[in-house]
Amino acid sequence: MSRSRAVVILAAGQGKRMRSSLPKVLHPIAGRPMLEWSIALGKEIGADRVVVVVSPHSDAIRQVAENHGAEIAVQSEPLGTGHAVRAAQPVLTGFDGDVVVLFADTPLVRAQTVANLLAAREAGAGLVALGFETKTPGAYGRLIAAPDGQLARIVEAKDASLEELGVALCNSGALCAGARELFGWLAQITPKNAASEYYLTDCAALARADGVKTAIVIGEEAEFAGANDRVQLAEVEATFQARRRLEVMREGATLVDPTQVWFAHDTVIGDDVRIEPGVFFGPGVTVERGVTIRAFSHIEGAHLQEGAEIGPFARIRPGSNVGPHARVGNFVEIKKVVLGEKAKVGHLTYLGDAIVGAGANIGAGTITCNYDGVNKYVTEIGPGAFIGSDTALVAPVKVGAGAFTGSGSVITKDVPDHALAIARERQRNIEGWRRPDKKT
Ligand code: UD1
Ligand code: MG
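For the structure given in this document, a descriptive report is provided here. Predicted, not measured: the structure shown is a model, and the values here were computed from it. The residue numbering used here restarts from 1 in each chain and proceeds along that chain's sequence as written. All chains are assigned letters beginning at A, and all ligands numbers beginning at 1, according to the order in which they are written. In keeping with the predicted nature of the model, local features appear solely for residues at pLDDT of at least 70, side-chain atom pairs appear and are counted solely at 80 or more, and the whole-chain, interface and lining totals rest on all residues. Think of the side-chain values as coming from all heavy atoms in the structure, minus any hydrogens and water.

On to the side chain of glutamine 241, then. Starting at the N terminus, helices and strands are each numbered in turn, a helix being any DSSP run of H or I of at least four residues and a strand any DSSP run of E of at least two. One can find glutamine 241 in helix 8 (residues 230–250). Polar contact is the term for a pair of N or O atoms within 3.5 Å; when the atoms are in protein, one must be able to donate a hydrogen and the other to accept it, and sequence-neighboring residues count only if both atoms are side-chain atoms. Within the structure, the side chain of glutamine 241 is placed 2.8 Å from the backbone oxygen of phenylalanine 263, a separation counted as a polar contact. Pairs of residues are marked as contacts when any of their non-hydrogen atoms sit within 4.5 Å. The contact partners of glutamine 241, leaving out residues within four places of it in the chain, are Ala30, Val261, Trp262 and Phe263.

This is how it looks when you write it as structure tokens:
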């Protein structure tokens, strides 16, 4: 039986280097705020409790954490990572399982890596730190191994000797220990160091001094990249994208130029999907097998069913469901639209809040006038209907099955099944029309 576990996510740092009115940990990677990545990771590794440590000043962070079912601990002042974990102690009163500490600014840590950390703990280590090797250890803390291979201590770069700075094994920040022992060590740490902070990392040496077995688990450098400023934010994003593109291709999708396709954290791509360059996915997209997405299309919150064809230059907005083998062509924007099987919206069209039946054909330049400045209304287009080019459909309105609208019509009344609606001025030809004479 594995012990119960709590994840403590540190999110109370100031994050000044982001130079943003949005708190650092709410900046998104692949369309999801960094803090949400950490909370999701906590759930993925089977945490019984997820506690987010926040500063007293950030309602926005607290809100996101609460919305995702996390408990909140408040760190009164940012006095260091050790001080931050200690702030979670009152929330975890009576909790006697393992604590896993994660940082909210390192979103790409894999569940498998944390599972390895937990496995080392279950195998009998009293404190386990997650580390990685790098050629550029820079400002990271260094994991100093004891001759027996256990973790002797962790030294921060600011406090390290020259020899210690030469160590390539770095501290990721994540660690695991029993709650009782961890809070015991945290009660002993002092801010006597170069940063005058309470270092969480000091727990390693305290564990050793107590004769507790310690261990180091290694992950990949790329997993632990933190986003402290906008440059690093872009680097972390690039790391995620590179990882996801490989997975998607291995799972059977063609990316003509993988460097030019941008996925969200939750994009689902089926087999034999083909994606041309310049395609961007926002959150909440499912693409079924055999779909083709042509160049320069932007897709979010949508379901694209089998064999659909999108773009080039299409914009698919949230709430859209494109039916099997339906087509959404160039310079078409759809929002909250259900497109039936084999329906076609080929060119230069805006459809919003619409239901389009199977096999309907929407002519170039069609617009659903779905908004009266206050409320939104639905347009229904029946199966097999043919909407003439440049039709304005003033919602709420229904066009029946197999009905037609003449091009240039402004449709304000329902059109019965199989009828032709024409709502435009009749053409007059004035024979022999002459230009006026120029006035002198
Ligand atoms: C920390 C580690 C270092 C490691 C590095 C990895 C310590 C002492 N150092 O250093 O060994 O190599 O991460 O990236 O742990 N935070 C709080 N309250 C605070 C201070 C920080 O909640 O008072 C949070 C931050 O929001 C952040 C995390 O803790 O999510 C890490 O803080 P940060 O200041 O970035 O630590 P580093 O100096 O990078
Ligand atoms: Mg950091």
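Right, let's talk about the pattern of salt bridges for a bit. A carboxyl oxygen of Asp or Glu within 4 Å of a side-chain nitrogen of Lys or Arg is what we treat as a salt bridge. Enumeration over the complete set of coordinates arrives at 16 salt bridges. Note that lysine 24 and aspartate 105 form a salt bridge whose closest N and O atoms lie 2.8 Å from each other. Pair noted here: lysine 24 is in the loop between strand 1 (5–10) and strand 2 (28–29) and aspartate 105 is in the loop between strand 6 (98–103) and helix 4 (111–122), with a separation of 81 residues, a long-range link. Burial classes: relative accessible area under 20% of the type maximum marks a residue as buried, over 50% as exposed, and values in between as partly exposed (1.4 Å probe, protein chains only). Using a relative accessible area of 13% as the deciding quantity, one classes aspartate 105 as buried.

So, about the pairing of strand 9 (residues 151–155). Counted residue by residue, strand 9 has four buried out of five residues, so it is predominantly covered. DSSP calls a pair of strands paired once it identifies at least 2 bridges connecting them. Alignment of strand 8 (residues 142–145) against strand 9, held across four bridges, turns out to be antiparallel. Residue pairing for strand 9: arginine 142 is matched across the bridge by valine 155. With antiparallel pairing between neighbouring strands as the criterion, strand 8 and strand 9 make up a hairpin whose turn holds five residues, including glycine 149 at a positive phi of roughly 85°.

The next subject is helix 4. What a helix is expected to span follows from its residue count: subtract one and scale by 1.5 Å. Spanning 12 residues, helix 4 covers 16 Å between terminal C-alpha atoms, matching the ideal 16 Å at 1.5 Å per step. Every buried residue of helix 4 is accounted for by Ala111, Thr113, Val114, Leu117, Leu118, Ala120 and Arg121. Glycine 124 sits one or two residues past helix 4 and shows a positive phi near 120°.

A separate point is the nonpolar core. To qualify as a nonpolar core, a set must consist of buried Ala, Val, Leu, Ile, Met, Phe, Trp, Tyr and Cys residues joined through side-chain atoms within 4.5 Å. Among the nonpolar cores identified, the biggest contains 45 residues, and Ile275, Phe281, Ile293 and Ile299 are the most heavily contacted of them. Broken down by secondary-structure element, the contributors of at least two residues to this core are strand 16 (279–281), strand 20 (302–304), strand 22 (314–316), strand 24 (327–339), strand 25 (344–356) and strand 31 (397–399). Ranked by residue count, the leading element in this core is strand 24, at five residues. If near-sequence neighbours (up to four positions away) are discounted, isoleucine 293 is found in contact with Arg274, Ile275, Glu276, Val279, Phe281, Val287, Ile299, Leu304 and Ile310. Core analysis: the next-biggest nonpolar cluster, separate from the first, contains 37 residues, Ala47, Val52, Ile61 and Leu118 among them.

Taken together, the side chains of Phe296, Phe313, Phe331 and Leu348 define a hydrophobic patch exposed on the protein surface, amounting to about 430 Å² of accessible area. Counting through the fold element by element, phenylalanine 296 comes out in the loop between strand 18 (292–293) and strand 19 (298–299). Each patch is built from residues lacking any salt bridge and having more than 30% relative accessible area; the joining distance is 9 Å for like charges and 5 Å for nonpolar side chains (Val, Leu, Ile, Met, Phe, Trp, Tyr). Residue burial considers only the protein chains on display, and all accessible areas are found by Shrake-Rupley using a 1.4 Å probe.

Points on a 1 Å grid over protein atoms alone make up a cavity when a 1.4 Å probe fits among them but cannot get out, and a pocket when they form an open set with protein on both sides within 12 Å along at least five of seven lines; lining residues each have an atom within 4 Å of a point. Grid points are joined across faces, edges and corners, and a volume is the space filled by probe spheres set on the points. With the rule as written, the count across this model stands at one cavity of 30 Å³ or more. Of the volumes computed, that of the largest cavity is approximately 80 Å³. Lining of the largest cavity is provided by 13 residues; of these, Leu41, Leu102, Phe103, Thr106 and Val109 occupy positions nearest its centre. Elements with a contribution of two residues or more to the lining of the largest cavity: helix 1 (34–44), strand 6 and strand 10 (169–178). Only Asp, Glu, Lys and Arg are considered charged in this grouping, and only Ala, Val, Leu, Ile, Met, Phe, Trp, Tyr, Cys and Pro are considered nonpolar; every other residue, Gly among them, is considered polar. Among the residues making up the lining of the largest cavity, the classes are represented as nine nonpolar, four polar and no charged.

In this fold, glutamate 44 is placed in helix 1. Looking at glutamate 44, the relative accessible area reads 58%, which means it is exposed. Taking the C-alpha atoms as reference points, glutamate 44 and valine 7, separated by 37 residues in sequence, lie 11 Å from one another.

Examined against the element boundaries, glutamine 75 turns out to sit in the loop between strand 5 (71–74) and helix 3 (81–86). In terms of polar contacts, glutamine 75 uses its side chain to reach the backbone carbonyl oxygen of glutamate 77, at 3.1 Å. Within the structure, glutamine 75 has its side chain in polar contact with the side chain of histidine 83 (distance 2.9 Å). For glutamine 75, the residues in contact, after removing those within four places along its chain, are Ala12, Val53, Val54, Ser55, Pro56, Gly80, His83, Ala84 and Ala87.

Lining the immediate environment of ligand 1, one finds 20 residues, of which Gln75, Gly80, Thr81, Glu156 and Asn171 sit closest. At 2.7 Å, a side-chain N or O of threonine 81 approaches an oxygen atom of ligand 1. For ligand 1, whose accessible area on its own is 750 Å², the fraction buried by protein is 83%. Elements supplying a minimum of two residues to the shell around ligand 1: helix 3 and strand 10. Taken together, the residues of the shell around ligand 1 sort by class into 10 nonpolar, eight polar and two charged. For this purpose, a residue is taken to be near a molecule or strand whenever a single non-hydrogen atom of the residue falls within 4 Å of it.

With that out of the way, let us pick up unusual backbone geometry. The omega torsion across glycine 311 and proline 312 is 0°, close enough to zero to call that bond cis. Here proline 312 shows up in the loop between strand 21 (309–310) and strand 22. Although it is not a glycine, phenylalanine 296 adopts a positive phi angle of roughly 60°. A positive phi angle, close to 60°, is found at phenylalanine 313, a residue other than glycine. With a relative accessible area of 39%, phenylalanine 313 lands in the partly exposed category.

The next subject is the state of the cysteines. The definition used for a disulfide is geometric: two cysteine sulfur atoms within 2.5 Å. One pass over the full model with this rule turns up zero disulfides. With no disulfide of its own, cysteine 176 lies closest to cysteine 203 among cysteine sulfurs, the gap being 12 Å. We classify cysteine 176 as buried; its relative accessible area is 0%.

By the element assignment, alanine 264 lies in the loop between strand 13 (261–262) and strand 14 (268–269). The exposure class of alanine 264 is buried, given its relative accessible area of 1%. Expressed as a C-alpha distance, the spacing of alanine 264 and phenylalanine 132, which sit 132 residues apart in the sequence, is 26 Å.

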